[in-house]
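Structural features, examined
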Amino acid sequence: MIRRPPRSTPKPSSAASDVYKRQYVGSVVILTSIWVQVQIDVQINEWFGEFYDMIQKALGTPNAITMQEYMGALFSFAQLAAISIALGLAISFLTSHFLFRWRTAMVEWYHSVYDQARTIEGASQRVQEDTIKFSRIMEGLGTSLIESVLVLVEFFPLLMTLSVGIPILWFGDWQYGLVSGAFIWAVGGTILMIVLAWLLRLVGIEYDLQKKEAAYRKILVIAEDDGSIRPKSLEELFQGVREIHFKSYLYYLYFSIGRLAYLQANVLAAYIFLAPAIVAGVMTLGVMQQIIRAFGRVEGSLQYLFRAWPTIIELASVYKRLREFENKLLIEEDKKIKIKAKIRSTQEPKLANLFLSNQQLCINFYEDVEGVSPGQACVFYDANNSSRVLGGGWITQ
């Protein structure tokens, strides 16, 4: 059996340079769009302060504001919200296209070695399902990470500025008290989730679950064409699937207890730190809303790992499966024998790899060979000595 691998990667051409330029331009556009969206979020935070001060004024003194002022404030928010929505849609669209090219690069490599990969259990699932999972998860985690960093850059100094002169529980009048409280609370929650996931071995459970599902899927596919597969065999495999699912439900229940308890307490975190200032009445309603919203944004950015932890567990599981798959491919690659081969007596022997696949002797030429067809003879030579014949056979496909 003769198989021709893809041609070797050509030297960068002007077309390839254009592709690289488009990739860099795409990255800059996505990053710039996220940055602009964060700037709009800062403007919205300022709007909340002014709007709630207006509400406090209106509720304290009847007819203190006009209907035009009130509706004008709402219209200002609508403008900012419209821009934010448009940018969010553009970021989502561009990021999806950008990261699909990452999946394309992975899949193209798997295609180039699929002659060996197809003999590995679960190969089709790795190439089709896990690559799309990997790209989609990275899309969400990647944009969230960039946004979290930019939010910290913008809201961290804003929160320090807003909290100047305001007493903070346990920190007093220290100007870094509020940001320190946000940092301790967020990092503490993240450490809690990491410890829980490590103790419960969630990544390993997710990996085992996918392995059981892959084995069950494979026997179902075989059963479509093989009448010798009996229901008992299917039941035995599905029993393993059932057990690992029930185990994952129980362990994720333990994990969710800690996670949901923290998230519920998280709703009150800012109000707890601001308790002395609220009781003393040293700030307006608008300033309080600005501080609480800025606190939430800083805290949310610091809680990136905490909020994304279930997704990170899934990503780690997908990555583990893909790495195991690639390691098996490398083992298969090591089983190849480097030789020289030719299919016509007038041709010079050309370098190729000789290996077994599905009980058939196969070769991959290092370069294109013209005129290959079933029924021809193929002769194998020593890679270092073209006069030494190793063997040969008849081409079947």
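If you're wondering where the values come from, they're calculated on a predicted model, not measured in any experiment. (Residues numbered from 1 in each chain as written. Predicted model: local features only at pLDDT ≥ 70, side-chain atom pairs only at ≥ 80, totals over all residues. Heavy atoms only, no water.)

**Quick notes on the packing of helix 4 (residues 123-162) against helix 10 (residues 285-302)**
For clarity, the cut-off: Inter-axis angles, ranging from 0 to 180 degrees, are taken between N-to-C directions of lines fitted to C-alpha atoms, where helices are fitted over the stretch in contact. Every helix listed is a DSSP run of H or I at least four residues long, and every strand listed is a run of E at least two residues long, numbered separately from the N terminus. Handedness of a crossing follows from how the near helix is turned relative to the far one, being left-handed for an anticlockwise turn of less than a right angle and right-handed for a clockwise one. In what follows, residue pairs with any heavy atoms lying within 4.5 Å of each other are defined as contacts. Three categories are distinguished: nonpolar for Ala, Val, Leu, Ile, Met, Phe, Trp, Tyr, Cys and Pro, charged for Asp, Glu, Lys and Arg, and polar for the others, with Gly belonging to the last.
At their nearest, the axes of helix 4 and helix 10 sit 8 Å apart, and the two run at 145 degrees to each other. Of the two elements, helix 4 crosses helix 10, and the hand of that crossing is left-handed. Every residue of helix 10 that contacts helix 4 at E147, S148, V151, L152, F155, F156, L159 and L162 is listed here: Q290, I291, R293, A294, F295, R297, V298, S301 and L302. Per-class residue counts for the contact of helix 4 with helix 10 are 11 nonpolar, three polar and three charged.

**Overview of the pattern of salt bridges**
Applicable threshold: Salt bridges are counted wherever a side-chain nitrogen of Lys or Arg sits within 4 Å of a carboxyl oxygen of Asp or Glu. Each residue's exposure class comes from its accessible area (1.4 Å probe, protein chains only) as a fraction of the maximum for that residue type: buried when under 20%, exposed when over 50%, partly exposed otherwise.
Summed over all chains, the structure comprises six salt bridges. Note that R293 and D41 form a salt bridge whose closest N and O atoms lie 2.7 Å from each other. A residue pair is termed long-range when its members are at least 10 positions apart, and R293 in helix 10 and D41 in helix 1 (residues 14-60) qualify at 252 residues. By relative accessible area, R293 is classed as partly exposed at 23%. For D41, a relative accessible area of 9% translates into the label buried. As a salt-bridge pair, R388 and D382 come within 2.9 Å of each other at their nearest N and O atoms. Residue R388 is classed as partly exposed on the basis of its relative accessible area of 46%. One continuous salt-bridge network, built from bridges that share partners, spans D41, E147, R293 and R297.

**Regarding helix 10**
The cut-off we apply is this: What a helix is expected to span follows from its residue count: subtract one and scale by 1.5 Å.
The end-to-end C-alpha separation of helix 10 is 26 Å, in line with the 26 Å expected for 18 residues at 1.5 Å each. Taken together, the buried positions of helix 10 are G286, M288, Q289, Q290, I291, I292, A294, F295, V298, E299, S301 and L302.

**Structural notes on the pairing of strand 6 (residues 385-394)**
Formally: We treat two strands as partners when DSSP finds at least two bridges between them.
Relative to strand 6, strand 5 (residues 377-382) runs antiparallel, the two sharing six bridges. Across the sheet, D382 pairs through a bridge with N385, a residue of strand 6. Counted along the chain from strand 5 to the antiparallel partner strand 6, the turn is two residues long.

**Concerning the confidence of the model for the chain**
Quick reminder of the rule: Values of pLDDT, which run from 0 to 100, indicate the predictor's confidence residue by residue.
Taken as a whole, the chain shows an average pLDDT of 82; of its residues, 88% reach a score of 70 or greater. Residue range residues 2-16 is modelled with pLDDT below 50. Its contacts to residues more than four positions away, or to other chains, number 21 contacts.

**Observations concerning a positive patch on the surface**
Selection rule: Surface patches are defined over residues having more than 30% relative accessible area and no salt bridge, joining like charges when they lie within 9 Å and nonpolar side chains (Val, Leu, Ile, Met, Phe, Trp, Tyr) when within 5 Å. In short, Shrake-Rupley with a 1.4 Å probe defines the accessible areas, and a residue's cover is counted only from the protein chains shown. The charged-residue count follows a simple rule in which Lys and Arg add positive charge and Asp and Glu add negative charge, with His and chain termini not counted at all. By convention, charge coordinates are those of NZ in Lys, CZ in Arg, CG in Asp, or CD in Glu.
A cluster of like positive charges, contributed by K211, K212, K320 and K328, occupies part of the molecular surface. Listing elements by their share of the positive patch, those giving two or more residues are helix 6 (202-225) and helix 12 (309-334). As for its position among the elements, K212 is in helix 6. You can call K212 partly exposed: its relative accessible area is 41%.

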